[in-house]
Amino acid sequence: MAATAHPAHSMTVRGLKPFYAKRQAVQAVDLDVRAHEILALIGPSGCGKSTVLRCLNRMHETIPYAHAEGSVKLDDLDIYQAGIDATLVRRKIGMVFQMPIALRTRSIYENIAVGLRLGGMNDRLELDRRVEQALRSANLWDEVKDKLQLSGLALSGGQQQRLSIARTIAIEPAVILFDEPCSALDPISTLKIEELLLQLRERYTLVIVTHNMQQAARISDRTAVFMVERGQEQPVGLLVEEGSTEQIFSKPRDRRTEEYISGKVG
Amino acid sequence: MANIQATSPKPTGWAHRLQHGDLFFWLLTLFFALVIIGLVVAVGVVTYNGSAEARAEYGTSFLTQSDWNPIETDLYQPSYGAWPAIRGTLLSSLIALLLAAPTGIAIGIFLSELCPLRLRALLGFTVELLAAIPSVIYGLWGVAVFSPWFTNAIANPLATSIGQFIPWLAGPIAVSRGLAVTGVILAIMILPTIAAITRDVLQAVPNHQRDVMLALGSTRWEVIWLSVLPYSRAGIIGGVMLGLGRALGETMAATMLIGNSTRIEESIFYPATTAAALVASELPNSNSTMHESALIYLALVLFGITLILNLAARYLVWQTSRGPAGARA
Ligand SMILES: Nc1ncnc2c1ncn2[C@@H]1O[C@H](COP(=O)(O)OP(=O)(O)O)[C@@H](O)[C@H]1O
Ligand SMILES: [Mg+2]
């Protein structure tokens, strides 16, 4: 198995409560992310998928009035424990966003190199090598190798999204988080990204937020279903169930999951 | 489908505009655009015609001649050279720019990227308020409060120490009017403009440009330096140019503070003049048609300087905001 050649990283989430100012957006979350799996987070919009995902690499707290409580472990290390440098956490747990927009003022090459430079790499040959390697791993090299100095905006949406993925894997994270990476893309670009995610699973642990249930069914190993509780004055998200994708889609344990995947809610 | 296309080909150009009722709006905006161009041309024509007499007499040597002497005596013929005013204009604005650009940009960065949310609205409002204060108030404050302090606390100590070796910082300082203090007041005047525009431009940077950098492990500074500032370079330069434009043309505060002397002194602590100050102070009581013509010529020169600097800024914006090839489809 190829997977054994790459280090296996898992994540353990316990009692995670994300806040926006004083408002708790999601009820305490317990979640496991296993090594070399694709975990899909699904659920209707506004249920807190992005919020929870952004807590997994401490991106959540970059919003000035937001914070999170609870514990999130990467292997044995709690990334919320005192004294942990959030910028280093984010280099270990990478993130790819919904908008496939390349860093506007940078060339294709620099879009990849920027993360390596942040890590202190300055040697030109080493940079060249790593940039090429990242672009190859993102299945983009053949399409861009002759125009590395052009702007990232010269690429199509799907190519820009693969550029974002290349930028993330260039710094060799352990886990990669994706927030609806295909929701702005056409079906063919979407298929290419899905193919790429399946390849990346050999080397990384992946968590993907998607509003597309077919996508979750196609690529994920396990699925976590989120819902919104509308009883309170403020809607609060909650995790209703977590299990193998096959089980979630064939015999969900929770009635709300069943309603959601059969299209009655959301 | 084919049928529809055959009978109504996609309208283009004029026909398209007419059909969609956009014509009126299009003409309206065109009209206002032409009014603006018309204004620029009108200012150019008026100052050009009004300066005919002086242009015939001095030609381009007007720009380099350094005696400005409108008084006729038995010994002297009046003479008009614009260099003292041009020099004063450029130097006072340069001082203002050197002080206000870095500080204003830094304040803008603070307001947009670093300031606690609670303070942001209050500080932002204050900055906008400062930008709206009429220049005569800055002038009054400069005369009554700032320039005496500046002379005592900054100009004199500098002049008596390193000023002994550097001629353009030399003393002794007899009056608290001069190029330097004017430059500093101009800096204070344009600072809020630069800060407010920088803040607006930075706030218009989409969050995903920041998120991408944060997710790569950037610190706040790295996000600002590597992503936010490059993204908004063109707008920031625009804000600085707007401030510079105000400094170049500022009349009231300059007239009150610069000392209105057409003698060229090497030291920036000595009185000088600017084109705007000279025109404003002498035009209402000019003593001959040639004097008046020379002042209008000076106004034309100021107009030219502003135009050239703005074109230079355009070029700079175009050069730096182009980014890597292919950025504009
Ligand atoms: N920046 C924010 N500030 C305040 N509340 C937010 C912010 N982002 C999201 N929320 C709130 O958190 C809840 C979950 O949102 P989100 O995580 O974006 O949901 P999802 O990704 O599942 O659509 C929503 O009620 C939303 O209003
Ligand atoms: Mg979302």
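Keep in mind that this is a model prediction, so the values were computed, not measured. (Residues numbered from 1 in each chain as written. Chains lettered and ligands numbered in written order. Predicted model: local features only at pLDDT ≥ 70, side-chain atom pairs only at ≥ 80, totals over all residues. Heavy atoms only, no water.)

## Examining the overall build of chain A
Regarding its fold elements, chain A presents 10 helices and 11 strands. Over its C-alpha trace chain A gives a radius of gyration of 18 Å, about what one expects of a compact globule, namely 18 Å for 266 residues. By the burial criterion, 56% of the 266 residues in chain A qualify as buried. Within chain A, counting contacts between residues at least 6 apart in sequence, those at least 24 apart form 67% of the total. Taken as a whole, chain A presents about 11,500 Å² of accessible surface, with 49% of it coming from carbon and sulfur. Across chain A, the 34 positively charged side chains and the 33 negatively charged ones have centroids separated by 3 Å. (Helix = DSSP H or I, 4+ residues; strand = E, 2+ residues; numbered from the N terminus. Rg over C-alpha atoms; globule rule 2.2 N^0.38 Å. Buried < 20%, exposed > 50% of the residue type's maximum accessible area, 1.4 Å probe, protein only. Contact = heavy atoms within 4.5 Å. Areas by Shrake-Rupley, 256 points an atom, 1.4 Å probe, with all protein chains shown as cover. Lys, Arg positive; Asp, Glu negative; His and termini not counted. Charge placed at Lys NZ, Arg CZ, Asp CG, Glu CD.)

## Some thoughts on helix α7 (residues 135-160) of chain B
Residues and elements named next belong to chain B. Spanning 26 residues, α7 covers only 32 Å between terminal C-alpha atoms, well under the ideal 38 Å at 1.5 Å per step. Taking the largest bend as the criterion, α7 deviates by roughly 55°, centred on G142. Among the residues of α7, those classed as buried are S135, Y138, G139, G142, F146, S147, F150, T151, A155 and A159. Buried residues in α7 make contact with α6 (117-131), α8 (179-203), α10 (220-249) and α11 (252-257). (Expected span 1.5 Å × (residues − 1). Bend = angle between axes of the 7 residues up to and from the residue.)

## Observations concerning the confidence of the model for chain B
The predicted coordinates should not be examined in detail at positions where pLDDT is low. Model confidence for chain B is summarised by a mean pLDDT of 89, while 91% of its residues fall at 70 or above. Confidence metrics for the complex model read pTM 0.85 and ipTM 0.92. (pLDDT = per-residue confidence, 0-100.)

## Observations regarding the nonpolar core
Core analysis: the largest hydrophobic core is formed by 97 residues, its most contacted members being V29, L41, L135, F178 and F226 of chain A. With seven residues, the single largest contributor to this core is helix α3 (residues 108-118) of chain A. Setting aside chain neighbours within four positions, we find V29 of chain A in contact with V13, R14, G15, L16, V52, F226 and L239 of chain A. Counting residues in hydrophobic clusters, the runner-up holds 29 residues, among them A180, V184, M189 and I258 of chain B. (Core = buried A, V, L, I, M, F, W, Y, C linked by side-chain atoms within 4.5 Å.)

## Some thoughts on the packing of aromatic side chains
Residue and element names in this part refer to chain B. Here the structure, examined in full by the defined rule, presents 12 aromatic pairs over all chains. With centroids separated by 5.7 Å and ring planes inclined at 40°, the aromatic side chains of F146 and W149 adopt a geometry described as tilted. You can see F146 and its partner W149 sitting in helix α7, three residues apart, about one turn around the helix. A relative accessible area of 46% means that W149 is categorised as partly exposed. Of the aromatic side chains, those joined through ring pairs into one cluster are Y58, F62, W68, Y80 and Y297. (Phe/Tyr/Trp six-rings, centres within 6.5 Å; stacked < 30°, edge-to-face > 60°.)

## Details of the site of ligand 1
Residue and element names in this part refer to chain A. In the vicinity of ligand 1, the contacting residues are Y20, R23, A25, S45, G46, C47, G48, K49, S50, T51, I63 and Y65. The contact in question runs from an oxygen atom of ligand 1 to an N or O atom on the side chain of R23, over 3.1 Å. Separating an oxygen atom of ligand 1 from a backbone N or O atom of G48 is a distance of 3.1 Å. Protein chains bury 68% of the 560 Å² of accessible surface belonging to ligand 1 in isolation. Broken down by element, the residue count for the shell around ligand 1 peaks at three residues, all from helix α1 (residues 49-55). (Near = heavy atom within 4 Å. Polar contact = N/O pair within 3.5 Å; in protein donor to acceptor, adjacent residues only side chain to side chain.)

## Digging into the pairing of strand β9 (residues 205-209) of chain A
All names here are of chain A. Of all five residues that make up β9, five are buried, and the element is covered over most of its length. Because side chains alternate across β9, one face comprises the buried residues T205, V207 and V209, and the other comprises L206 and I208, equally buried. Where strand β4 (residues 38-42) and β9 come together, four bridges link them in parallel fashion. Paired with L39 across the two strands is V207, which belongs to β9. (Pairing = 2+ DSSP bridges.)

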